[in-house]
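# Remarks on the overall topology
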Amino acid sequence: SYGDEWEEAWTNHTNLWKATQDSDEYISAADTMHRNGGILLIEPKQQKNPYPSNIMTMCNFIGTEDTYYYELPEETSLLVTWEEKNNACMRNCKILSRYVESNRTYYDVEIIQQEDNLGEECYHPTDERLFVDKVPQHAVTLVDQVFTSDIHLANAFRHFIGLPSHLLPEAWKDSEE
């Protein structure tokens, strides 16, 4: 037990709690991944059957000193073939294609430039489109957009957890603070 005060707060919360608007339509990124068997939709299929608005597609990619960038015919476009050394910097991406080679699933993606929330080493020039091919399935995932998971609901239960005084050392009980 977390103490009588916590138990009372929990009981009040469960008695008064009401689902938020549209909560019956909410699905987390983890549940979406599970429902799809870990297979992610390519961009054209997402246009027809989009992921919920709370979900983002993310890819691990970081350019290293020895990453080779191929210049594409379109100006300001680069192509990189993914290697294990590139497995860092989770970044927003679009899945352009999916294929299987030797029983492993791979994706070709476009990295979407982000303006914040990345380490300095993760950025690439904003005037360049960055395409990465042969990204393995373990480096592509779905995530909940910031502040959209159920822990951020206004009516989520929040209360400090009490600790019975008999569990505290005597030296702590004499403290004036």
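Residues numbered from 1 in each chain as written. Predicted model: local features only at pLDDT ≥ 70, side-chain atom pairs only at ≥ 80, totals over all residues. Heavy atoms only, no water.

## Examining the packing of aromatic side chains
To keep things clear, this is the line we draw: Aromatic pairing here means that ring centres of Phe, Tyr or Trp (its six-membered ring) are within 6.5 Å. Orientation follows from the plane angle: under 30 degrees is stacked, over 60 is edge-to-face, and everything else is tilted. Only DSSP runs of H or I covering at least 4 residues are called helices, and only runs of E covering at least 2 are called strands; the numbering of each starts at the N terminus. Exposure categories follow from relative accessible area, calculated using a 1.4 Å probe and restricted to protein chains: below 20% of the type maximum is buried, above 50% is exposed, and the middle band is partly exposed. Placement of a charge over a ring requires the Lys NZ or Arg CZ to be within 6 Å of the ring centre, with the centre-to-atom vector within 35 degrees of the ring normal.
Across all of its chains, the model carries five aromatic pairs by this definition. Between tryptophan 6 and phenylalanine 157, the ring centres sit 5.5 Å apart and the planes meet at 85 degrees, which makes this aromatic pair edge-to-face. Placement of the pair is tryptophan 6 in helix H1 (residues 4-16) and phenylalanine 157 in the loop between strand E7 (140-144) and helix H4 (170-173), with a sequence separation of 151 residues. Given the relative accessible area of 14%, tryptophan 6 is considered buried. Geometrically, the ring pair formed by tyrosine 68 and tyrosine 70 is edge-to-face, given 4.7 Å between the ring centres and 80 degrees between the ring planes. By relative accessible area, which is 39% here, tyrosine 70 ends up partly exposed. An aromatic cluster of at least three residues, connected via ring pairs, comprises Trp6, Trp10 and Phe157. When the ring centre of tyrosine 106 is taken as origin, the NZ or CZ atom of lysine 134, which lies over that ring, is 5.3 Å away.

## Digging into the nonpolar core
Let me state the cut-off plainly: Take the buried residues of types Ala, Val, Leu, Ile, Met, Phe, Trp, Tyr and Cys, join any two whose side-chain atoms come within 4.5 Å, and each joined set is a nonpolar core. The contact rule is simple, with two residues in contact once any of their heavy atoms fall within 4.5 Å.
By size, the foremost hydrophobic cluster in this structure holds 23 residues, and its most contacted members are Leu40, Val109, Ile111 and Val132. Of all the secondary structure elements, the ones that give two or more residues to this core are helix H2 (29-35), strand E1 (55-60), strand E3 (77-81), strand E4 (90-101), strand E5 (104-111), strand E6 (129-136) and E7. Valine 109 has contacts with Cys59, Cys93, Lys94, Ile95, Leu96, Leu130, Phe131, Val132 and Val135, leaving out every residue within four places of it along the chain.

## Notes on the side chain of asparagine 60
Which entries qualify depends on this criterion: A 3.5 Å cut-off defines polar contacts: any pair of N or O atoms within that distance qualifies, except that in protein one atom must be a possible hydrogen donor and the other a possible acceptor, and neighbouring residues in sequence count only when both atoms are side-chain atoms.
With respect to the secondary-structure elements, asparagine 60 resides in strand E1. One polar contact links asparagine 60 to asparagine 87, side chain to side chain, over a distance of 3.1 Å. Beyond its immediate sequence surroundings of up to four residues, asparagine 60 is in contact with Trp82, Asn86, Asn87, Ala88, Cys89, Met90 and Ala139.

## Concerning the state of the cysteines
Quick reminder of the rule: A pair of cysteine sulfur atoms is labelled a disulfide when the two atoms are within 2.5 Å.
On inspection of all chains with the given rule, the structure shows one disulfide. Disulfide pairing is shown between cysteine 59 and cysteine 93; the S-S distance is 2.0 Å. Disulfide cysteine 59-cysteine 93: the torsion about the S-S bond is 65 degrees, which places it as right-handed. Highlighted residues: cysteine 59 in strand E1 and cysteine 93 in strand E4, separated in sequence by 34 residues. Across the pair, cysteine 93 and cysteine 59 agree in class, each one buried.

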